[in-house]
Amino acid sequence: MSKAWIAAFILGVLLSGCGGSGSSSGQASTQEGTAVLSWSAPKKRVNGEDLSRYELEKYTIRYGTEPDNLNQVVVIDNVGGLIELSHEVTDLSTGTWYFTIQVQDANGLTSEPSDVVSKTISS
């Protein structure tokens, strides 16, 4: 019997905010060494079946300074019902950081990792 794996996210994870100096009026300033990842909950499984946002259990963010070695992990639990999510990764050193994200449903089924996205932290 085949299992319906959770569909991947809409073309990966969006990154905003991060390192840099100064801010302009009318905009929130960002903390150096920070990347904010934002994404939408998947609506379908890879087999095309609908996926209720209440079936989602957790997201796992993997990141690191090499796209093939994402050795740091953040788990975000209790996400059932949430549609738009974001997470701030802090204390990033200068350089380019790479990120992927996966979702797990209440039955323990886990998606494939999203496409790798990157963010460069300036000194």
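As a reminder, the structure under discussion sits directly above these lines.
Only a predicted model underlies this, so the values are computations on that prediction, with no experimental measurement involved.

A. View of the pattern of salt bridges. Following the criterion strictly, the structure yields 3 salt bridges and no others. One salt bridge connects Asp-50 with Lys-44, and the closest N-O pair in it is separated by 2.6 Å. Ionic pairing is found between Asp-105 and Arg-45, a salt bridge with its closest N-O pair at 3.0 Å. With Asp-105 in strand S6 (residues 95–105) and Arg-45 in the loop between strand S2 (35–40) and strand S3 (56–64), this pair connects stretches of sequence that are 60 residues apart. Residue Asp-105 is classed as buried on the basis of its relative accessible area, which comes to 0%. Judged by relative accessible area, which is 7%, Arg-45 ranks as buried. If you follow the salt bridges from partner to partner, you end up with Arg-45, Glu-55 and Asp-105 in one network.

B. Layout of the nonpolar core. One finds Trp-39, Leu-56, Tyr-59, Ile-61, Tyr-63, Leu-92 and Phe-99 to be the most contacted residues of the largest nonpolar core, which totals 21 residues. Of all the secondary structure elements, the ones that give two or more residues to this core are S2, S3, strand S4 (72–77), strand S5 (84–89), S6 and strand S7 (117–121). With residues up to four places along the chain from it excluded, the contact list for Tyr-63 reads Leu-70, Asn-71, Gln-72, Val-73, Val-74, Val-89, Leu-92, Trp-97, Tyr-98 and Phe-99.

C. How the structure looks around the packing of aromatic side chains. Applying the stated rule across the entire model yields 3 aromatic pairs. Relative to Trp-97, the ring of Tyr-63 has its centre 5.9 Å away and its plane inclined at 50°; by these criteria the two rings are tilted. Highlighted residues: Tyr-63 in strand S3 and Trp-97 in strand S6, separated in sequence by 34 residues. In this structure Trp-97 comes out as buried when scored by relative accessible area, which is 6%. Centroid distance Tyr-63 to Phe-99: 5.7 Å. Interplanar angle 20°. Geometry classified as stacked. Of this pair, Tyr-63 sits in strand S3 while Phe-99 sits in strand S6, placing them 36 residues apart in sequence. A residue is classified by how much of its surface remains accessible, and Tyr-63, at 9% relative accessible area, is buried. Taken together, the aromatic side chains of Tyr-63, Trp-97 and Phe-99 make up a single cluster linked through ring pairs.

D. Geometry of the sheet that holds S6. Pairing is antiparallel in the open sheet, where 4 strands are placed in the order S4-S3-S6-S7. Single-partner strands in this sheet number two, and they are S4 and S7. Going from strand to strand, the sheet's axes swing by 25° on average, the running direction of each strand aside. Relative to S6, S3 is paired through 8 bridges, and the arrangement is antiparallel. Looking at S6, one finds that Arg-62 is bridged to Thr-100.

Rules and cut-offs
- Residues numbered from 1 in each chain as written.
- Predicted model: local features only at pLDDT ≥ 70, side-chain atom pairs only at ≥ 80, totals over all residues.
- Heavy atoms only, no water.
- Salt bridge = Lys/Arg side-chain N within 4 Å of Asp/Glu carboxyl O.
- Helix = DSSP H or I, 4+ residues; strand = E, 2+ residues; numbered from the N terminus.
- Buried < 20%, exposed > 50% of the residue type's maximum accessible area, 1.4 Å probe, protein only.
- Core = buried A, V, L, I, M, F, W, Y, C linked by side-chain atoms within 4.5 Å.
- Contact = heavy atoms within 4.5 Å.
- Phe/Tyr/Trp six-rings, centres within 6.5 Å; stacked < 30°, edge-to-face > 60°.
- Pairing = 2+ DSSP bridges.
- Axes fitted to C-alpha atoms, helices over the stretch in contact; angles between N-to-C directions.

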